[in-house]
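Chain by chain, the residues run as shown.
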Amino acid sequence: MSPKEDYMLVLQPVVPMRAKDSDRSEMVSQMLFGDSCQVLQRTEGWYQVRNCMDGYLGWVNPKQLTPETDADVELLNTRFRIAQEAVVPVEVDGTYQMVLPMGARVPDGAVSIAGRTYRAVRGIGEEASDMAAYASRLMGAPYLWGGMTLMGVDCSGLVQVAAKIAGFTLPRDASQQALRGELVPLSEAVRNDLCFFSNDSGKIIHVGIYLGDGKILHASGDVHIDRLGERGIYSEKYGRYTHRLHSVKRLVD
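All of these numbers come straight from a predicted model, not from anything done at the bench. (Residues numbered from 1 in each chain as written. Predicted model: local features only at pLDDT ≥ 70, side-chain atom pairs only at ≥ 80, totals over all residues. Heavy atoms only, no water.)

**Q** Which residues make up the overall build of the protein chain, and what values do they have?
**A** Helix and strand counts for the protein chain stand at 4 helices and 22 strands. Rg of the C-alpha trace for the protein chain: 19 Å, near the compact-globule value of 18 Å for 253 residues, within the 12% margin. Considering only C-alpha atoms, the protein chain reaches an extent of 55 × 40 × 30 Å along its principal axes. Looking at the protein chain as a whole, 50% of its 253 residues qualify as buried. A separation threshold of at least 6 residues defines the contact pool for the protein chain, and within that pool the share at least 24 residues apart is 55%. Counting only carbon and sulfur atoms, one obtains 47% of the accessible surface of the protein chain, whose full area is about 12,100 Å². Averaged over its 27 positive side-chain charges, the protein chain has a centre that lies 4 Å from the centre of its 31 negative ones. (Helix = DSSP H or I, 4+ residues; strand = E, 2+ residues; numbered from the N terminus. Rg over C-alpha atoms; globule rule 2.2 N^0.38 Å. Buried < 20%, exposed > 50% of the residue type's maximum accessible area, 1.4 Å probe, protein only. Contact = heavy atoms within 4.5 Å. Areas by Shrake-Rupley, 256 points an atom, 1.4 Å probe, with all protein chains shown as cover. Lys, Arg positive; Asp, Glu negative; His and termini not counted. Charge placed at Lys NZ, Arg CZ, Asp CG, Glu CD.)

Okay, structure coming up:
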């Protein structure tokens, strides 16, 4: 089947999205294996794309993309599942292994797509709706602006990936994520509510997942757990408040 014009697939573990069409430009996000994107414009050696999952824009090296066909998309939607472990090794053509990150699509059995056959080497995780449990699998991951994986993740990337597995599609940035869900007071917060934090001007700059019992899981320096109160996040490590609480939201189906 011929490729679909202007649509591409990610069939590498992780593909960086950059602010400009240069390897030296900052990474603003990442796409994971199985993601689809639309090509908006082309320059020499670069494509500006829109991630079909969350609408995020960035520049990508076209060598890291594969032309999309309807048949490939059908296979990804029916024969692949979303990885729920921090990393999942996948055998390629029976010759080598590559490791896919949590949130990527992984084959349920042996599946041939775009000329290659993929097979998950071990389990890809049990399905559940507990975002906090998924995010906890990235405990200790270093903070990386634009990151989405165990090798490096930012605050909103952590939340987006965990929410994706739990069945929620969220935008990429914390300020966009804060527009979703129902507002609840902190006194009524429950596990898996999202907590947003603002700077001095009131702009939302951080997000984490409430664990219950006055604790929050978030990516700041690395993925870890801190105390949460009405003033915000209190760091035992630094002995001070590090983030000012703005609001608490509860995602609804």
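The discussion continues.
**Q** Before we move on, can you summarise the layout of surface pockets with the specific residues and values?
**A** The computed volume of the largest pocket comes to approximately 320 Å³. Considering the residues around the largest pocket, the lining is formed by 17 residues, among which Trp145, Ser156, Asp173, Ala174 and Ile205 are closest to the centre. Mapped by element, the contributors of at least two residues to the lining of the largest pocket are helix H3 (155-165), helix H4 (174-177) and strand S18 (204-212). When grouped by side-chain class, the residues that make up the lining of the largest pocket number 8 nonpolar, 4 polar and 5 charged. Considering each element in turn, the lining of the second largest pocket owes the most residues, 3 residues, to helix H1 (residues 70-78). When its residues are assigned to classes, the lining of the second largest pocket shows 6 nonpolar, 6 polar and 4 charged. (1 Å grid on protein atoms, 1.4 Å probe; cavity = no way out; pocket = protein on both sides within 12 Å on 5 of 7 lines; lining within 4 Å. Points joined across faces, edges and corners; volume = space filled by probe spheres on them. Nonpolar A, V, L, I, M, F, W, Y, C, P; charged D, E, K, R; others polar.)

**Q** Please give an account of empty space enclosed by the protein that cites residues and values.
**A** All chains considered together, the criterion is met by 1 cavity of 30 Å³ or more. Roughly 50 Å³ of internal volume is contained in the largest cavity. Mapped onto the lining of the largest cavity, the elements with two or more residues apiece are strand S3 (27-32) and H3. Ranked by the residues each element gives to the lining of the largest cavity, the list is headed by H3, at 3 residues. A breakdown of the residues in the lining of the largest cavity according to their chemical character gives 4 nonpolar, 3 polar and 3 charged.

**Q** Break down the pairing of strand S21 (residues 232-235) for me, citing the residues and quoting the values.
**A** Here 3 bridges tie strand S20 (residues 222-229) to S21, and the two strands are oriented antiparallel to one another. Looking across to S21, one finds that Arg227 is bridged to Tyr234. If you look at the hairpin formed by S20 and S21, you'll find 2 residues sitting between the two strands. Two successive antiparallel strands, S21 and strand S22 (residues 240-250), enclose a turn made up of 4 residues, where Gly239 displays a positive phi of approximately 65°. (Pairing = 2+ DSSP bridges.)

**Q** Before we move on, can you summarise the environment of Leu75 with the specific residues and values?
**A** Turning to its location among the elements, Leu75 is positioned in helix H1. For Leu75, the residues in contact, after removing those within four places along its chain, are Phe80, Val111, Ser112 and Ile113.

**Q** Mind laying out unusual backbone geometry, listing which residues take part and the relevant values?
**A** Unlike most non-glycine residues, Asn192 shows phi in positive territory, near 85°. Turning to its location among the elements, Asn192 is positioned in the loop between strand S16 (182-183) and strand S17 (194-198). Residue Asn192 is classed as buried on the basis of its relative accessible area, which comes to 17%. In the Ramachandran plot, Asp213 falls in the positive-phi region, its phi being about 55° despite a non-glycine side chain. Note that Asp213 resides in the loop between S18 and strand S19 (215-220).

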